[in-house]
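A look at the structure
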Protein chains: 2
Amino acid sequence: MTTAIDVAAEVIALERAALDRWGQGDPSVYLALFADEITYFDPAQEQRVDGAAAMAALFAPITGKIRVDRYDLLRPLVQQHGDTALLSFNLVSYRTDGGRERAISSWNATEAYRRTPQGWRIFHSHWSFIRPELKDANPETA
Amino acid sequence: MTTAIDVAAEVIALERAALDRWGQGDPSVYLALFADEITYFDPAQEQRVDGAAAMAALFAPITGKIRVDRYDLLRPLVQQHGDTALLSFNLVSYRTDGGRERAISSWNATEAYRRTPQGWRIFHSHWSFIRPELKDANPETA
């Protein structure tokens with residue numbers, strides 16, 4: 001029997017493996033994890049991106065251009081229900097240039113996995129910046 | 001038997017009911033939808049917010065201060081697996097002042113619902129701005 005702890009460890013390990021390669025400029029591990037029906041948000045898109053083919057097209061032009069030297073994956077939590085496992089975490093990415101390390105981005109991240117005969121696959125992904133600097137602090141309560 | 005179409009219509013209707021009241025300054029419909037174990041991201045928080053009690057504390061100071069006169073809920077999609085239904089959509093909020101309507105915010109939204117004996121409840125929520133204006137356009141590929 002697979003326990004909830006096993007599932008949490010497994011999806012966090014999958015996410016770390018994908019992040020490790022992402023930071024080296026290689027989105028292929030993420031692309032291999034995406035289910036065909038993936039739905040995806042990140043801060044640079046005008047609207048939700050739907051489907052594995054659209055994700056391959058989205059990541060093609062940034063392949064080889066991403067560089068993250070180190071990251072802190074903070075407070076990962078897996079909420080499992082049946083054959084789904086929703087992983088959420090905060091992430092801080094760092095680069096080191098000239099011997100000096102600096103944080104380059106801070107993220108809220110949601111990765112919804114589902115179990116398939118081929119292993120866990122991401123069917124929904126949502127990445128956003130923590131406290132982006134805006135002209136209006138909170139437009140709906142201003 | 002409940003069909004996938006029924007489930008999608010049901011969770012979208014719940015979300016719209018919560019949004020309608022939110023726009024009137026009342027977060028109570030959202031609070032009533034949150035499962036005890038909710039995990040939550042929005043652009044103003046330093047990290048993930050965990051638990052229904054923390055959400056009540058988060059929304060208390062903005063109660064009565066939110067005003068959205070109209071919204072467009074765009075391309076809602078429900079991905080159902082067993083007793084979970086992950087709703088994702090884009091949202092544009094508007095206010096009308098002096099007879100002139102203007103968009104005040106544009107969102108990526110993820111709402112992960114699970115079926116409970118009391119009805120559908122949100123166990124994970126992620127709200128982020130579409131294309132927030134930043135000092136650095138894309139810090140990881142710069």
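This section reports on the structure supplied with the text.

1. Details of the packing of aromatic side chains
Residues and elements named next belong to chain A. Enumeration over the complete set of coordinates arrives at 16 aromatic pairs over all chains. Ring geometry for Phe89 against Trp127: centres 5.7 Å apart, planes inclined by 80°, an arrangement best described as edge-to-face. Placement of Phe89 in strand E4 (residues 84-97) and of Trp127 in strand E6 (residues 119-129) is noted, with a sequence separation of 38 residues between them. When its relative accessible area of 0% is taken as the criterion, Phe89 is described as buried. If you follow Arg70 out to its NZ or CZ, it ends over the ring of Tyr94, 4.3 Å from the centre.

2. Observations concerning the relation of the copies chain A and chain B
Here the two chain copies are tied together by a rotation about an axis and a shift along that axis. In screw terms, the move from chain A to chain B is a rotation of 180° and a rise of 0.0 Å along the axis, fitting with an RMSD of 0.0 Å. On this basis, the relationship between the two copies can be described by a two-fold rotation axis. Considering only C-alpha atoms, the residue of chain A closest to the rotation axis is Ser128 of chain A, which sits at 2.9 Å. Take the interface residues of chain A: 100% of them recur as interface residues in chain B, which is what a same-surface contact looks like.

3. Comments concerning the interface of chain A and chain B
On the chain B side, the residues contacting the 52 residues of chain A number 52 residues. Summed over both sides, the interface of chain A with chain B buries roughly 4,400 Å², with 52% coming from carbon and sulfur. Area buried by chain A at its contact with chain B is led by Arg48, Arg131 and Glu140 of chain A, which between them contribute 16% of it. Scanning the region where chain A abuts chain B turns up 2 salt bridges. Across the salt bridge formed by Arg131 of chain A and Glu46 of chain B, the nearest N and O atoms sit 3.2 Å from each other.

4. Notes on unusual backbone geometry
Of note, the phi angle at Arg131 of chain A is positive, near 45°, even though the residue is not glycine. With respect to the helices and strands, Arg131 of chain A occurs in the segment after E6. You will see that Arg75 of chain B, though not glycine, has its phi angle at about 50°, which is positive. Take Arg75 of chain B: it is sitting in strand E3 (residues 70-81).

5. Some details on the sheet that holds E4 of chain A
Residue and element names in this part refer to chain A. As summarised here, the arrangement of the 6 strands in space is E2-E1-E6-E5-E4-E3, forming an open sheet in which the pairing is mixed. Edge positions in the sheet fall to strand E2 (49-50) and strand E3 (70-81), since each has one partner strand and no second. Bridging between strand E1 (residues 34-41) and E6 involves 4 bridges; their strand directions are parallel. Its bridge partner being in E6, Phe34 is matched across the sheet by Ile122. Its contacts with the sheet put helix H1 (residues 4-22) on E3, E4, strand E5 (100-116) and E6, and the angle it makes with E3 is roughly 145°. Running at roughly 60° to E1, helix H3 (residues 52-59) makes contact with E1 and E2 of the sheet.

The rules we used
Residues numbered from 1 in each chain as written. Chains lettered and ligands numbered in written order. Predicted model: local features only at pLDDT ≥ 70, side-chain atom pairs only at ≥ 80, totals over all residues. Heavy atoms only, no water. Phe/Tyr/Trp six-rings, centres within 6.5 Å; stacked < 30°, edge-to-face > 60°. Helix = DSSP H or I, 4+ residues; strand = E, 2+ residues; numbered from the N terminus. Buried < 20%, exposed > 50% of the residue type's maximum accessible area, 1.4 Å probe, protein only. Lys NZ or Arg CZ within 6 Å of the ring centre and 35° of its normal. Least-squares fit on C-alpha atoms with pLDDT ≥ 70 in both. Contact = heavy atoms within 4.5 Å. Buried area = accessible area lost by both parts, 1.4 Å probe. Salt bridge = Lys/Arg side-chain N within 4 Å of Asp/Glu carboxyl O. Pairing = 2+ DSSP bridges. Axes fitted to C-alpha atoms, helices over the stretch in contact; angles between N-to-C directions.

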